Amino acid sequence: MAAIARALSGWPDLAPLAGRLLDFWPALSSEPTAWAMDEQTTLMVVRAPALDGVERWHGPADAWYLDGFSPAKNPDMWSDALMDLVFDRTSPGGTFATYTVAGWVRRNLMAAGFEVARAPGFGRKREMLTGFRRAAGASRS
Ligand SMILES: C[S@@+](CC[C@H](N)C(=O)[O-])C[C@H]1O[C@@H](n2cnc3c(N)ncnc32)[C@H](O)[C@@H]1O
């Protein structure tokens, strides 16, 4: 809790929302839990190992940011099984982005069904991957 509060203190503009997050954090289980942060924002939190967590949450997501440490050191966050679930829980037209361009991660994302492209990266990263789930019935050409 103290670590979360310290991390969130870097965004003073978000203090009211950060306070709400800290209020509900102790009550979280591994089941997906929705919290109304304000009138416009609902935060869904799943506190579980990634594969279990995404399996329990049925989505769909409009956008994913895949940020799971280095694929070489933490392959569980980039596995074919997890990328299949991520694709399954993505809206038609939904997107992903990730800082890694590791070949096997790109192949897992493509095998799952995403259209994948390389894009210019940020900071020290020369490139990143972006992609989307084609809308149902959209042609590949
Ligand atoms: C690079 S950090 C992401 C940080 C976050 N996106 C941010 O900007 O603050 C990677 C996160 O993935 C979590 N993580 C790593 N392996 C995981 C796994 N198998 N299941 C669930 N979370 C995992 C770590 O605990 C860490 O919080």
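Our structure is the block above this text.
The present account deals with the structure reproduced in this document. (Residues numbered from 1 in each chain as written. Predicted model: local features only at pLDDT ≥ 70, side-chain atom pairs only at ≥ 80, totals over all residues. Heavy atoms only, no water.)

Within the structure shown, the criterion is met by five aromatic pairs. Each residue in the set Phe 87, Phe 96 and Phe 114 is aromatic and connected to the rest through ring pairs, giving one cluster. Over the aromatic face of Phe 87 sits the side chain of Arg 133, whose NZ or CZ is 4.2 Å from the ring centroid. (Phe/Tyr/Trp six-rings, centres within 6.5 Å; stacked < 30°, edge-to-face > 60°. Lys NZ or Arg CZ within 6 Å of the ring centre and 35° of its normal.)

Another aspect to go through is helix 4 (residues 80-88). Every buried residue belonging to helix 4 is among Leu 82, Met 83, Leu 85, Val 86 and Phe 87, and all of these are buried. In this fold, the buried residues of helix 4 make contact with helix 3 (50-56), strand 3 (61-66), strand 4 (90-98) and helix 5 (103-112). (Buried < 20%, exposed > 50% of the residue type's maximum accessible area, 1.4 Å probe, protein only. Helix = DSSP H or I, 4+ residues; strand = E, 2+ residues; numbered from the N terminus. Contact = heavy atoms within 4.5 Å.)

Quick look at the sheet that holds strand 3 now. Read across the open sheet, the four strands follow the order 3-4-6-5; overall the sheet is mixed. Bordering the open sheet on either side are strand 3 and strand 5 (115-120), each of which pairs with just one other strand. Going from strand to strand, the sheet's axes swing by 20° on average, the running direction of each strand aside. With five bridges connecting them, strand 3 and strand 4 associate as parallel partners. Considered in strand 4, the bridge of Ala 61 is made with Thr 90. Sheet strands in contact with helix 5 are strand 3, strand 4, strand 5 and strand 6 (127-132), and its direction is about 145° off that of strand 5. (Pairing = 2+ DSSP bridges. Axes fitted to C-alpha atoms, helices over the stretch in contact; angles between N-to-C directions.)

As a further point, take the side chain of Asn 108. Examined against the element boundaries, Asn 108 turns out to sit in helix 5. Judged by its relative accessible area of 16%, Asn 108 is buried.

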